[in-house]
Amino acid sequence: MCLAVPGRVVSIDRAADPLTGLVDFGGVQKQACLEYVSDVEVGEYVIVHVGFALQRLDEESALASLKLFEELGLLEEEFGDAWQQAARQSESESEGSETR
């Protein structure tokens, strides 16, 4: 399922074309296109759908939505378990260094 998920903008790459930034979704961080909200600032919340930030969202609404998504298991469905993802990434990096 593809959700429009609220996230907090952690960093912005103003030199990128299109404008991109790192967005935190309750512990999972992903790059997103920020062109549609080009005046967004670090620390603000945006709604992201398939990698595109579509609009700003106030913090209270964003946190309430994230809490509800988490309770329903939708964040894990959308992003997977962050700890499992980190473990898999670490394993693949270790395997890559062993084959060198």
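Residues numbered from 1 in each chain as written. Predicted model: local features only at pLDDT ≥ 70, side-chain atom pairs only at ≥ 80, totals over all residues. Heavy atoms only, no water.

I'd like a rundown of the nonpolar core, residues and numbers included.
One finds Leu34, Val40, Val46 and Val48 to be the most contacted residues of the largest nonpolar core, which totals 17 residues. Looking at this core, the elements that each hand over two or more residues are β1 (5–13), β2 (20–25), β4 (45–49) and α1 (59–71). Among the elements that take part in this core, β1 stands out by supplying three residues, more than any other. Those residues in contact with Val46 that lie beyond four places of it in its chain are Val5, Pro6, Gly7, Val9, Val23, Val37, Val40, Ala53, Gln55, Arg56 and Leu57. (Core = buried A, V, L, I, M, F, W, Y, C linked by side-chain atoms within 4.5 Å. Buried < 20%, exposed > 50% of the residue type's maximum accessible area, 1.4 Å probe, protein only. Helix = DSSP H or I, 4+ residues; strand = E, 2+ residues; numbered from the N terminus. Contact = heavy atoms within 4.5 Å.)

Can you break down the environment of Glu70 residue by residue, with the values?
Along the chain, Glu70 turns up in helix α1. Given a relative accessible area of 56%, Glu70 falls into the exposed group.

If you had to explain the packing of aromatic side chains to someone new, which residues and values would you point to?
For the structure on display, the rule yields one aromatic pair. Between Tyr36 and Phe52 the ring centres are 6.0 Å apart and the planes differ by 40°, which places this aromatic pair in the tilted class. Here Phe52 lies in strand β5 (residues 52–57) and Tyr36 lies in the loop between β3 (28–33) and β4, a separation of 16 residues in the sequence. On the basis of relative accessible area, Phe52 is assigned to the partly exposed category, the value being 34%. (Phe/Tyr/Trp six-rings, centres within 6.5 Å; stacked < 30°, edge-to-face > 60°.)

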